[in-house]
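Okay, here's what each chain looks like letter by letter:
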Amino acid sequence: MIRLKNVFAAIILGAVSGMTAIAPTASAAEVNLYSYRQPFLMNPLLDAFTQQTGIKVNMVYLKKGMLERLKAEGANSPADLVLTADIGGLHNLVEAGLLQSSESNTLKHNVPGQFRHPDGLWYGLTTRARIIYAHKKRVKPGEVTTYEDLAKPHMKGRICIRSGKHVYNVSLLAWMIAAKGEAAAEAWAKGLKANLARKPQGNDRAQVKAVYTGECDVSLGNTYYMGKMMTNEKSPEQKDWAAAVNVIFPNQGDRGTHVNISGAGITKSAKNKANAVKLIEFLSNDAAQKIYAEDNFEYPVKAGVKVHPIVAGWGKFKAEETLLSNIAEHRTQATRIMDKVRFDN
Amino acid sequence: MKGLHIVGVSHAYGENKVLDNASLMIPAGELVCLLGSSGSGKTTLLRLAAGLERLQLGKIVIDDKIVADPEVHVPPDHRGIGLMFQDYALFPHLSIIDNVTFGLRGMAKPKAERRAMEMLGRVSMTKYAQSHPHMLSGGQQQRVAMARALAPEPKLLLLDEPFSGLDTNMRLHIREETLTVLKASGVATVMVTHDPEEAMFMADRIKILGESGRILQSGRPHDIYYHPQHGFVAKLFGLMNRFESVIVGGCVEIPLGKIRVKGLGEGRPVEVLVRPEGVILDSEGKDGPVIDVISTHLLGHDNIVRVRLSDESGAKEDEKELYVRAHHAFEPELSNRITAGVDPEYAFIFPLDDLGGMAGAGYTAWPQPHAAE
Amino acid sequence: MAPTAKMNSWSWINVWSIGTVLIAAWVVLPIVAVLYIGLTPSDEIWTHLASTVLPLYISTTLQLMIGVGIGTLIIGVGTAWLVSTCRFPGRRLFEWALLLPMAMPAYVIAYVYTDILEYAGPVQSLLRDMFGWTTKREYWFPEIRSLGGAASMLTLVLYPYVYLLSRAAFMEQSVCVLEASRVLGRGPWRSFFSVALPLARPAIVIGVSLVLMETLNDFGTVDFFAVSTFTLGIYDVWLNMNNVAGAAQLAGLLLFFVVFLVLTERFARRKQRFHHTTSKYKALPGYELEGRARQLAIIGCALPVVFGFVLPAAVLGSYAVIYFEAAANPEVYRHAGNSVMLSALTAFLAVAIGIFMAYGVRLRNERIVRFMARFASLGYAVPGSVLAVGVLGSLGALDNGIDGFMRRNFEISTGLLFSGSIAAVTFGYLVRFLALSFGSVEASLAKITPNMDGAARSLGHGPFSTLTRIHIPLIRGSALTAAMLVFVDCMKELPMTVILRPFNFHTLATYVHEFASDEQLGEASLAALAIVGFGILPVLVLSFAITRSRPGHTKKDQSS
C-alpha cells in the first residue's frame with residue numbers, strides 16, 4: 001500500500017509541479033489578455049505592440065465562461081485586460097464589478113465620448129454596423145430601406161439570417177427595444193421570423209452565400225464581412241458571393257443604422273495596469289486603428305483614421321449611437337422575445 | 001491448542017443472517033468435513049476463517065493466536081491459511097508453474113520453482129507446468145489448485161466443495177487422489193461439502209451444520225451414520241423411510257413392527273426413520289405386512305427397491321411407499337408373497353414435540369434386537 | 001442479537017475506501033459547484049422558459065436522443081455482430097475500420113457535411129445542373145441543418161462506442177452458450193436475439209448511455225445546425241440572459257434526468273447479473289456468409305466507415321491541399337504536441353484513478369464508497385462549458401483559500417496555483433471523462449470472480465499485490481480500451497480546454513475551433529486532420545488489443 005501511495009503521489013506531484021508554474025505572473029514586460037476576439041484577428045496588432053514597446057502580450061481566447069473565470073480567479077486573476085467583440089460583453093463585466101477605471105489623456109483624445117464608459121471602465125476601439133445585404137437583381141431599389149421593411153409582408157420567404165440567439169442579432173433586437181419599446185420590437189421580430197426563407201443557421205457570411213445561390217434575396221450581416229469576402233484570396237468563391245449583393249445601410253431616413261462596438265477594459269485584478277493602459281492606448285492610436293480598418297474592415301473609433309477603400313466605397317452613413325449604452329440592459333428582454341416568437345424554430 | 005477454533009461467531013449479509021452464534025473446534029492434523037445443506041453458512045465459516053470476510057461478532061483463533069474478533073482483523077495474507085475454491089480460481093493469465101509459485105512470496109525464484117515442481121509432481125502435473133489453466137480439464141485444474149494451495153505449507157487448508165465441479169467418474173478418482181495427497185502432507189484440513197457420501201469418504205471427523213451454522217452433530221463418520229442424534233442428520237445420509245408414531249409401553253409401533261425405545265417418556269409423539277437397509281424383505285412371506293414391489297433399481301452390488309405396503313398393514317397412506325435396499329440377487333418375480341420387517345439397528349427415533357426443552361438436541365434411541373416380534 | 005448491532009459504523013475506513021472517497025470527492029467538487037451556482041439567487045427563468053421554449057427544448061432533445069440512440073444501436077450492434085460472428089470478405093479490415101469515425105470530432109463532420117450537402121454545395125449544385133432547376137423551390141432536398149441532420153452527424157461519429165463495447169461483449173461470450181442455443185434448435189438469428197443480445201446487454205447499455213450522454217451535452221453540432229436542444233437552452237440562458245444561476249439550474253435538471261435514466265436502467269437490469277459460466281473459450285464459430293447476405297454484410301459495414309470517416313477525411317484532405325500554405329502553420333505541430341501530451345496524461349490518470357476507485361469499491365462495497373464513485377462519474381453528463389465553470393469555481397476557491405491562508409499566516413502570496421494552468425485543464429478532463437475509465441474498469445473487474453481475490457490473498461498477497469499481479473493483468477484489455485477512449489475524447493475536447501487553459505496555449509481542437517467558429521475550417525483543416533490522425537492511432541492499437549485480449553486466443557501462442 002505504501003508503494004501505491006508513493007506512486008500516486010509522485011505522479012500527481014510531478015504533474016502538478018510541472019504544470020502550475022506555467023501561469024504567467026506580474027512582471028515589468030508583460031500584459032495578460034483575456035480576449036473575446038479571435039487570435040488571428042488580434043495577432044497582427046499585438047505583434048506590432050510588442051515590437052514597439054517590448055511588452056509581451058499573453059492571451060487566452062475565450063467567449064463562454066470568461067466572466068465566470070474572472071470571478072472565480074478573483075483578486076488573484078492574472079488577467080490585466082479584457083477585449084470584447086460587442087457592447088454586451090463590456091456591460092456584463094461592468095455589472096459584475098470586474099473592471100476598474102483608468103485615466104488616460106491619450107484615450108480621452110482618441111476615443112469619442114459616446115464610445116467609452118463615462119468613468120473610464122471601458123473604451124471602444126472599433127465600430128461595425130449591422131446592415132442589409134440585398135441581391136443586386138432580385139431586390140429592387142427602394143424595396144428594403146429599413147429594418148422595419150424586413151418584417152413587412154412583401155419580404156415573405158426572402159430573408160436569410162443567422163440564429164436569433166447570436167449576440168449580434170440579440171443586440172439588434174435590444175436596440176429595437178430601446179428605440180421603440182418592447183411591444184413594437186416583439187411585433188418586428190415576429191414579422192421578420194415570418195419572412196424567413198429558411199430556419200436561422202450559419203454565420204453572417206453563410207447568409208450572403210445563400211443570397212448568391214438563390215435561397216433567399218436579402219440577409220442581415222455586419223459590415224466587415226462584406227470587405228472580407230470581397231478580398232478573400234484563400235476562398236475566391238466568396239468574392240462571387242459578395243459580388244452578387246448590394247449593401248444597404250438601413251434607416252438612413254430616420255434614426256440611423258444599428259452599430260455595435262468592440263472594446264477593451266482593464267480588470268480590477270490587473271497587476272500590470274500600466275502596461276494594460278499602454279496596450280489600449282496603442283490600439284486606439286492611428287497605426288493600430290489603421291490595421292483594424294485595413295485588415296478587418298471595421299470602422300475606427302478615432303477621428304481622422306481612414307477606413308478601407310472598399311468600406312469607403314459604401315459611402316458615409318448615419319449611425320444611431322446614442323442608444324448604444326442601453327442595448328446591454330435590454331438583452332435579457334430581447335432574448336426572451338426571441339424565445340417567445342420561436343425565432344430559431 | 002493447535003488448530004482452528006471458532007467461538008460464538010454470528011454473521012449477517014445485510015438483513016440475511018447466515019451464522020448465529022456458531023462455534024467450532026478443529027484440532028490440528030485432522031481432516032474435518034463441514035457437512036451442511038446450502039444456506040447452512042458453511043462457506044461463510046470458511047471465508048471468515050480465511051479472513052476473506054470481516055468478522056462481525058465472535059472470535060476466531062488459529063494456533064492459539066486470535067486472528068479475528070470485532071477489533072482484530074488479521075488480513076488473509078497474514079493468516080497462513082491455504083484455501084481452495086469450488087471453481088479452483090486458477091489465475092488464467094499465469095502458467096501453471098506461475099500459479100503454484102504465486103504463493104511462494106519471498107522465496108528465491110529457483111527455489112520457488114523447485115518447490116512448485118515438487119508440488120506439481122505430487123499431483124502428477126509436472127508436464128503441464130508451462131500450460132495455462134484454460135488448456136486443462138476440470139480434474140487437472142483441481143489438482144493444480146491443490147498443489148498451489150499446499151505449496152506455501154499452510155498451517156491449515158480450507159477446501160470449499162472441492163469436487164463439485166467434476167463429473168461423477170472423475171470425482172471418485174480425484175477424491176482418492178486428494179485424500180492421498182492430503183494425508184501425505186499431513187496438513188490440518190477443513191473441507192466444506194453438501195455431499196454426505198463425500199464427507200463419509202474423506203473425513204476423519206464430520207461436523208454437521210444445521211441452520212445458521214449451528215452444529216447438529218460432530219463425530220467420526222461411523223458414529224454419525226449409525227448414531228444420528230437428530231432427524232435432520234439421519235436424513236442427510238441417503239433415503240429414509242419415515243413414520244410417525246407414539247410411545248406406548250416403552251415401544252413404538254410402526255407398520256413394519258415394534259421397536260423398543262429407551263429414554264423417552266410414555267405417550268410422546270415421535271418420528272421413526274428407517275434406512276432402506278433397515279427394511280428387511282422376506283420372500284418366504286412368513287411374518288409382517290405384505291408388500292407389493294413397484295420397481296427395482298440396480299445400484300451395483302445392491303438394489304434399491306420401491307415397495308408398497310398392502311392395505312391390510314393398516315399403514316397411513318403417506319407411509320405406505322417404502323425404499324428398501326436389497327441384495328442384487330433379490331428377485332421379486334420368483335415369489336408370490338413378500339413380507340417386510342424392520343432391523344432396529346437402522347431405525348432412529350426422535351421426539352416430535354418439544355417437551356423438556358430437549359427438542360432438536362436429538363434423542364438417542366436404542367433399538368433392541370428382535371424388537372419386532 | 002443482531003450481529004450488525006455491534007458492528008463498528010466506521011469499519012469501512014481503510015486506505016482504499018478513504019482513497020476512493022477522497023478522490024471521488026475531489027472529482028465531484030466541480031459538479032457540486034455547478035449545483036451550488038444553481039442555488040444562488042437570480043432572475044427567475046422557469047416561468048418564461050416553460051411558457052416559451054422549454055417544451056420545445058425537451059421534445060427536440062428527446063427526439064435527438066431517440067434518433068441517435070436507435071441509430072447507434074442498430075449500426076453499432078449490427079456491425080459488431082457481423083464482424084465478430086460472421087465470415088465475409090473484408091471482415092478483418094472492418095474490424096478496426098469501423099472504429100475510425102470515433103476519431104472524428106462531431107463539429108468537424110457537421111461542418112464538412114454542411115459544405116457538401118447544403119444548397120450551395122456540390123451535391124445540390126450537381127442535381128440542379130442535371131435537372132435544370134434554378135431555385136430552391138423547384139425541388140426537395142433533405143435539409144442538413146436540421147434535427148435529422150444533427151442526429152445523423154452524431155450517429156456517424158458516436159456509433160463506434162456501441163460497436164466497441166458490444167463487440168468486446170460478443171467476443172467474450174463463451175462459445176458454449178451460443179452453441180447450446182444452436183443445438184436447442186435456434187437459428188443464428190434467433191440465437192442472436194435470444195442469447196447473444198441479452199448476454200451482451202450490459203455492455204450495449206453502457207455503450208448507448210455513453211452515446212446518449214455525449215448527445216445530451218453536445219454543443220458544437222446543435223449550435224451549428226441551430227437545433228434547439230436543452231443544452232443550447234442552457235447556453236442561451238447563461239450567455240444571452242446573462243443568468244449563470246439559471247443555466248446551472250437547467251444543467252442540474254439535465255443531470256437529474258441522466259441519473260433517472262441510469263437508475264431506471266439499473267433497476268431494469270437488477271436481476272441480471274451473470275458471471276461467465278465457463279472458462280473455456282475458443283474462437284467464435286463464424287457463419288460463412290454467401291451470396292446476397294455476404295453483399296449486404298459488406299455494404300452494411302462499409303457505409304458507416306465511408307460516411308463517418310472516409311468521406312469527411314477526404315474532404316478535409318482536399319481542403320488541406322487547397323489551403324496548404326495557410327494550414328501548414330508550424331504552430332500546428334506545437335498544438336499537436338500539447339494535445340497529445342494532455343490527452344496521454346489524462347488517459348493515464350483517468351485509468352489509474354478509475355482502477356483505484358473501482359478496486360476500492362470492490363474491496364469494500366460500502367454504500368458511501370459506492371455512492372461517491374458513482375457520483376464522481378456524473379461529469380460526463382454535464383455540458384462541457386458548464387462543467388468548466390464548476391471547475392473554475394472550485395479551483396478558484398481552492399487557490400484563493402490557499403493564498404488567503406498563506407498571506408494571513410506567512411505573509412506570502414501563492415497566487416493562483418491551479419487556476420489557468422495545464423493542471424486545471426487536466427483536472428477538467430478528468431472530471432469529465434472519469435466516467436469512461438471508471439465504467440469500463442468496473443465492468444471488467446466485475447467479471448473477475450471474487451474467488452480470484454480470495455485465492456491471491458490466501459496465498460499471501462496483500463490487496464495491492466493482488467491488484468497489480470492479478471486484476472490489472474486480467475483487465476488489461478479493458479483498461480487499455482478505457483485509456484484509448486479517454487485519449488480520443490481528450491483530443492477532441494473543446495469547451496473545457498477553451499475556458500480552463502493557460503495563456504498562449506492551444507490544443508489542436510482549440511485551434512480548429514478558432515477558425516471553424518468563423519466558418520473558415522479550410523485554414524485549420526490540417527489541424528483537424530491531425531486530430532483525426534492522432535485519434536486513429538490509439539483506435540488501431542485498441543482494436544488490435546481487443547482481438548488479442550480475448551481469452552483463448554493469445555494464451556496458446558504464448559505457451560508454444
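Residues numbered from 1 in each chain as written. Chains lettered and ligands numbered in written order. Predicted model: local features only at pLDDT ≥ 70, side-chain atom pairs only at ≥ 80, totals over all residues.

1. A short note on the overall build of chain A
Of regular secondary structure, chain A possesses 15 helices and eleven strands. Relative to the globule expectation of 20 Å for 345 residues, the C-alpha radius of gyration of chain A, 22 Å, shows essentially globular dimensions. When its C-alpha atoms are laid out on the principal axes, chain A stretches across 75 × 55 × 40 Å. Per-residue burial for chain A yields a buried fraction of 55% across its 345 residues. Contacts spanning at least 24 positions in sequence make up 79% of the contacts within chain A whose residues lie at least 6 apart. (Helix = DSSP H or I, 4+ residues; strand = E, 2+ residues; numbered from the N terminus. Rg over C-alpha atoms; globule rule 2.2 N^0.38 Å. Buried ≥ 20, exposed ≤ 12 C-beta atoms within 10 Å, placed from the backbone. Contact = placed C-beta atoms within 7 Å.)

2. Let's talk about the sheet that holds strand 14 (residues 269-274) of chain B
All names here are of chain B. Within the open sheet, the five strands sit side by side as 13-12-11-14-20. Their pairing is antiparallel. Looking at which strands have only one partner, the edges of the open sheet turn out to be strand 13 (257-260) and strand 20 (347-351). In this sheet, neighbouring strand axes are inclined to one another by 30° on average, regardless of whether the strands run parallel or antiparallel. Looking at chain direction, strand 11 (residues 241-248) and strand 12 (residues 251-254) are connected through two bridges and run antiparallel. If you follow Val 248 over to strand 12, its bridge partner there is Cys 251. (Pairing = 2+ DSSP bridges. Axes fitted to C-alpha atoms, helices over the stretch in contact; angles between N-to-C directions.)

3. With respect to the nonpolar core
With 401 residues, the main nonpolar core has Leu 173 of chain A together with Val 512 of chain C as its most contacted residues. Here the element with the most residues in this core is helix 7 (residues 147-172) of chain C; it accounts for 18 residues. Residue contacts for Leu 173 of chain A: discarding those within four places in its chain leaves Ala 185, Ala 189, Ala 334, Ile 337 and Met 338 of chain A. (Core = buried A, V, L, I, M, F, W, Y, C linked by C-beta atoms within 7 Å.)

4. Focus: the sheet that holds strand 19 (residues 338-342) of chain B
All names here are of chain B. Here we have five strands laid out as an open sheet, ordered 15-19-16-17-18, and antiparallel in their pairing. With partners counted over all chains shown, the strands left at the sheet margins are strand 15 (279-282) and strand 18 (321-327), one partner each. Put simply, the sheet's adjacent strands are angled 40° from each other on average, direction ignored. As defined by bridge partners, strand 17 (residues 302-309) adjoins strand 18 across seven bridges and the pair is classed as antiparallel. Paired with Asn 303 across the bridge in strand 18 is Ala 326.

5. Some details on the interface of chain A and chain C
Between chain A and chain C, the residue contacts involve 55 residues of the former and 56 residues of the latter. Of all the secondary-structure elements, those providing two or more residues to the side of chain A that touches chain C are helix 1 (2-20), helix 2 (39-53), strand 2 (56-61), helix 3 (66-73), helix 8 (204-213) and helix 15 (331-340) of chain A.

6. As for the domain arrangement of chain A
Residues and elements named next belong to chain A. Examined at the domain level, chain A breaks down into domain 1 (27-127 + 259-307) and domain 2 (128-258 + 319-340). Just the C-alpha atoms count here: the centres of domain 1 and domain 2 sit 27 Å apart. Each side of the interface is counted separately: domain 1 has 14 residues, and domain 2 has 18 residues. Listed by contribution, the elements that provide at least two residues to the side of domain 1 that touches domain 2 are helix 4 (87-95), strand 5 (122-135) and strand 9 (257-267). Of the residues assigned to the side of domain 1 that touches domain 2, the class counts are five nonpolar, seven polar and two charged. (Domains from an automatic or database assignment. Nonpolar A, V, L, I, M, F, W, Y, C, P; charged D, E, K, R; others polar.)

7. A look at unusual backbone geometry
The bulk of non-glycine residues show a negative phi, and the bulk of peptide bonds are trans. Residue and element names in this part refer to chain B. At Asp 64, a position not held by glycine, the phi torsion is positive, near 70°. Relative to the helices and strands, Asp 64 resides in the loop between strand 4 (57-62) and strand 5 (65-68). Even without glycine at this site, Tyr 88 takes up a positive phi of about 70°. As for its placement among the helices and strands, Tyr 88 is situated in the loop between strand 6 (81-84) and helix 2 (96-101). A count of 24 C-beta atoms within 10 Å places Tyr 88 in the buried class.

8. A closer look at the arrangement of the chains
If you rank the two pairs of chains in contact by how many contacts each has, first place goes to chains A and C. With no contact between them, chain A and chain B keep their nearest C-alpha atoms 13 Å apart.

9. A closer look at the packing of helix 4 (residues 138-150) of chain B against helix 5 (residues 168-185) of chain B
Residue and element names in this part refer to chain B. Two elements in contact, helix 4 and helix 5, have axes whose closest approach is 11 Å; the angle formed by their N-to-C orientations is 15°. For the element pair helix 4 / helix 5, the angle class is roughly parallel. As helix 4 packs across helix 5, the resulting crossing turns out to be right-handed. Along its contact with helix 4, which presents Gly 138, Gly 139, Gln 142, Met 146 and Leu 150, the element helix 5 presents Met 170, Ile 174, Thr 178, Val 181 and Ser 185. (Parallel < 35°, antiparallel > 145°, perpendicular 65-115°, else oblique. Left-handed = near helix turned anticlockwise from the far one by under 90°.)

10. Remarks on the pairing of strand 17 of chain B
Every second residue of strand 17 of chain B is oriented toward a common face, the buried set being Asn 303, Val 305, Val 307 and Leu 309 of chain B and the non-buried set Asp 302, Ile 304, Arg 306 and Arg 308 of chain B. Here strand 16 (residues 290-299) of chain B folds back onto strand 17 of chain B in antiparallel fashion, the turn holding two residues, of which Gly 300 of chain B has a positive phi close to 75°.

11. A look at the environment of Ser 166 of chain C
All names here are of chain C. Here Ser 166 is to be found in helix 7. The exposure class assigned to Ser 166 is buried, which follows from the 28 C-beta atoms found within 10 Å. Distance from Ser 166 to Arg 201, taken between C-alpha atoms, is 8.0 Å for residues 35 residues apart in sequence. In contact with Ser 166, not counting residues within four places along its chain, are Gly 76, Val 77, Ala 80, Ala 200, Ala 203, Ile 204 and Gly 207.

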